[in-house]
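# Notes for the structure review
Listed below, chain by chain, are the residues.
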Amino acid sequence: MNALIDTRRTGAQILWDALRREGVEVVFGYPGGAIMPAYDALLDSPIRHVLVRHEQGAAHMADGYARASGKVGVAVATSGPGATNLVTGIATAMLDSVPMVCITGQVPSHVIGSDAFQETDITGVTLPITKHNYLVTKVDQIAPTIREAFYVARSGRPGPVLVDITKDAQQATTVVQWSERPVCLPGYRPEHRARATDLSRAAAMIDGARRPVILAGHGIVKAEADALLGEFVERTGIPVASTLLGLGGFPASHPLALGMMGMHGEAWVNRAIQEADLLVALGMRFDDRVTGNPATFAVGAKKIHCELDPAEINKNVRVDLPLVGDVKETLRGLLPLVARGERAPWLERIAELKGDSAVRDIQQMPHHGRLFAAHVMHDLWRITEGKAVVVTDVGQHQMWEAQYYKHDHPRKLLTSGGLGTMGFALPAAIGARFADPGAEIWVIAGDGGFQMTACELSTIAQEGIKLNIAIINNGYLGMVRQWQEFFYDGRYSATPLKSPDFVKLAEAHGLTGMRVTTREEVEPVVAAARSAPGTVLIDFRVEQEDSVYPMVPAGADLHDMIRRPSPIVETAHD
Ligand SMILES: Cc1ncc(C[n+]2csc(CCOP(=O)(O)OP(=O)(O)O)c2C)c(N)n1
């Protein structure tokens, strides 16, 4: 009898045991009524808990942890408002295929449906933005559900999974039977493998192409296929264009790295894609920010699409040959089949397409003591030798970072691509810090987005962690201001932005704040931030009305770019 009593565990205890069995070391969360049994049991678990200041932050931290480490991130929240506060973070992870498990408390099972205090149907709310979700009402379901949730989150195309556990299920006790058998879910077949005949067809298309371009996406990073991509490029001599989330999947310093494609991609990259006779798309999904008008996208090119998720095939762009499977396996299969390639005429043509881009490059622009955001990015890249983990927010600074901070390694740029979530950077960087305690981490955020989750400065202070924070402060919601300048006759509706004194804000949190207003100050202040033991926030006061070039207007043809005026026109205050 005593032995039986000893082995009975509460649902709350089982939850943490189950997380430990999945290898979880840290979770990000916020307590409340319906999750209190779990929080009580947490005190006896070796799992570290990071107390966030808003549940959105918990979701972004779990997301940043997952992006930086490749492991599953975990967020915890209570029912009702706690759970709904997770929603933006879950959607962010969903659109970028980030493996994450969110645990929410739910009202006791006998009051579900009665509009009980803090009751929200969170499985209903998150149905379209989770890969899968569960409502657990029985203690016996907790262990198998957590196991399944991790399996679903990390297998196949990764994504967020939510497990909603009623309070009574957390409080009840049971004797757990831990299963060691592999999880098998009816109807869920996450593994695919490209057929040998299709690989041979692809190899023939690749060998026969005269103007091929590789489009490297996030899948390269996620599948850890960067080394194989390198071998494939060395062998075939095909130049590589990257998506925003694909940056770092192929070294920016490689001679065949073209740079970023799409709305704010390099002009020659977009032109090369439009002139290509073959696109080899690897782990990317032809997002509208990448293709521009799909009707005129690379019309002269045959398209091979290597993609894990069959639902992506022919979704946005019709392709000639889909290779459904893990991109690493696909590349491994293709490598021995493709011939060594010499593409000199095509590379010369691309060099020609680069044309006057250099003179339009803001790096060539005299700064006359003023501070351009692009200069800050370039200097940060130079000073950190391109080795930092950079976590960006959303807006102009995000695009300048993508253009001017050259990433040579995967998982070094963490950014919200699909959902474009302002407020992502600061909490995601906190998550990345727990994934990689030794890394140099830079948050790069706009003055607008930073304020959306600035409360997490308190989390940084409480946890005593070190980050470097660069606020690219232009006094506007810059990217929207730019669209207003280009497409709404310069009518700045609700984009001028007043901010707190960021230096004082940092200091109020017990952190260090610094300000930079000229380019000369960038280097010494960045050096001081890097060598400081604690978190340093730098308020970079940059040009207020600078724009990101080139730009493909939404829905326009990919080659129809707005270019930086050339020669660069000096602005009035010179
Ligand atoms: C949560 C959220 N709300 C609104 C937007 C729309 N949006 C995209 S960029 C942007 C402006 C960002 O301004 P800021 O953070 O100052 O960065 P900047 O563009 O100036 O670099 C806005 C409002 C968004 N992406 N996310």
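Going by the structure above, here's the rest.
Residues numbered from 1 in each chain as written. Predicted model: local features only at pLDDT ≥ 70, side-chain atom pairs only at ≥ 80, totals over all residues. Heavy atoms only, no water.

### A few points about the sheet that holds strand 4 (residues 73-77)
Pairing between the strands of a sheet is mediated by backbone hydrogen bonds and can be parallel or antiparallel. The following threshold applies: By definition, two strands form a pair when at least two bridges between them are found by DSSP. By definition, any uninterrupted DSSP run of H or I lasting at least four residues is a helix, any uninterrupted run of E lasting at least two residues is a strand, and each is numbered from the N terminus. The axes are straight lines fitted to the C-alpha atoms, using for helices just the contacting stretch, and the angles between their N-to-C directions are given from 0 to 180°. Only heavy atoms matter for contacts: two residues are in contact if any of them lie within 4.5 Å across the pair.
A sheet is described by the order of its strands in space; here 6 strands give the open sequence 3-2-4-5-7-6, paired in parallel fashion. In this open sheet, the two strands that pair with only one neighbour each are strand 3 (48-51) and strand 6 (132-136). Averaged over neighbouring strand pairs, the angle between their axes works out to 20 degrees when direction is ignored. Helix-sheet contacts for helix 8 (residues 139-154) involve strand 4, strand 5 (100-106), strand 6 and strand 7 (160-166), and the interaxial angle to strand 6 is about 170 degrees.

### Brief notes about the pattern of salt bridges
Under the convention used in this document: When a carboxyl oxygen of Asp or Glu is within 4 Å of a side-chain nitrogen of Lys or Arg, the pair counts as a salt bridge. Burial here depends on accessible area, computed with a 1.4 Å probe over protein chains only, as a share of the maximum for the residue type. Under 20% is buried, over 50% is exposed, and the range in between is partly exposed.
For the structure shown, the criterion picks out 29 salt bridges. A salt bridge links Asp-288 to Arg-289, with the shortest nitrogen-to-oxygen separation between them at 3.2 Å. Taking the shortest distance from any N to any O, the salt bridge between Arg-530 and Glu-440 comes out at 2.8 Å. Within this pair, whereas Arg-530 is found in helix 25 (residues 519-531), its partner Glu-440 is found in the loop between helix 20 (425-435) and strand 17 (441-446), the two being separated by 90 residues in sequence. Judged by relative accessible area, which is 22%, Glu-440 ranks as partly exposed. Put simply, Arg-157, Asp-309, Glu-312 and Lys-315 are held in one network by salt bridges that share partners.

### Comments concerning unusual backbone geometry
Only a minority of non-glycine residues have a phi that is not negative, and only a minority of peptide bonds are not trans. Of the consecutive residues Tyr-549 and Pro-550, the connecting peptide bond is found in the cis state with omega at -15 degrees. Secondary-structure assignment places Pro-550 in the segment after strand 20 (536-541). Non-glycine residue Gln-118 carries a positive phi angle of around 60 degrees. When you line up the elements, Gln-118 lands in the loop between strand 5 and helix 7 (122-125).

### With respect to the site of the ligand
In plain terms, the rule: The near set for a molecule or strand comprises every residue that places at least one heavy atom within 4 Å of it. Here a polar contact is recorded for every N or O atom pair within 3.5 Å, except that within protein the pair must consist of a potential hydrogen donor and a potential acceptor, and residues adjacent in sequence are included only if both atoms are side-chain atoms. Note on areas: Shrake-Rupley with a 1.4 Å probe; residue coverage comes only from the protein chains shown.
Lining the immediate surroundings of the ligand are 17 residues, of which Gln-396, His-397, Gly-420, Gly-449 and Gly-478 lie closest. Gly-420 has a polar backbone atom sitting 2.8 Å from a nitrogen atom of the ligand. Surface burial for the ligand is 76%, taken as the share of its 590 Å² of free accessible area covered by protein chains. Where the shell around the ligand is concerned, the elements lending two or more residues are helix 19 (396-404), helix 21 (447-452) and helix 23 (478-487). For the shell around the ligand, the element with the highest residue contribution is helix 21, accounting for 4 residues.

### Comments concerning the sheet that holds strand 15 (residues 389-392)
Spatially, 6 strands are ordered 16-15-17-18-20-19 in an open sheet, and the strand pairing comes out parallel. Lying at the two open borders of the sheet, with one neighbouring strand each, are strand 16 (413-414) and strand 19 (512-516). Direction of pairing for strand 19 relative to strand 20: parallel, over a ladder of 5 bridges. Within strand 20, the position partnered with Thr-512 by the bridge is Val-536. This element, helix 19, spans strand 15, strand 16, strand 17 and strand 18 (468-473) of the sheet and lies at about 135 degrees to strand 17.

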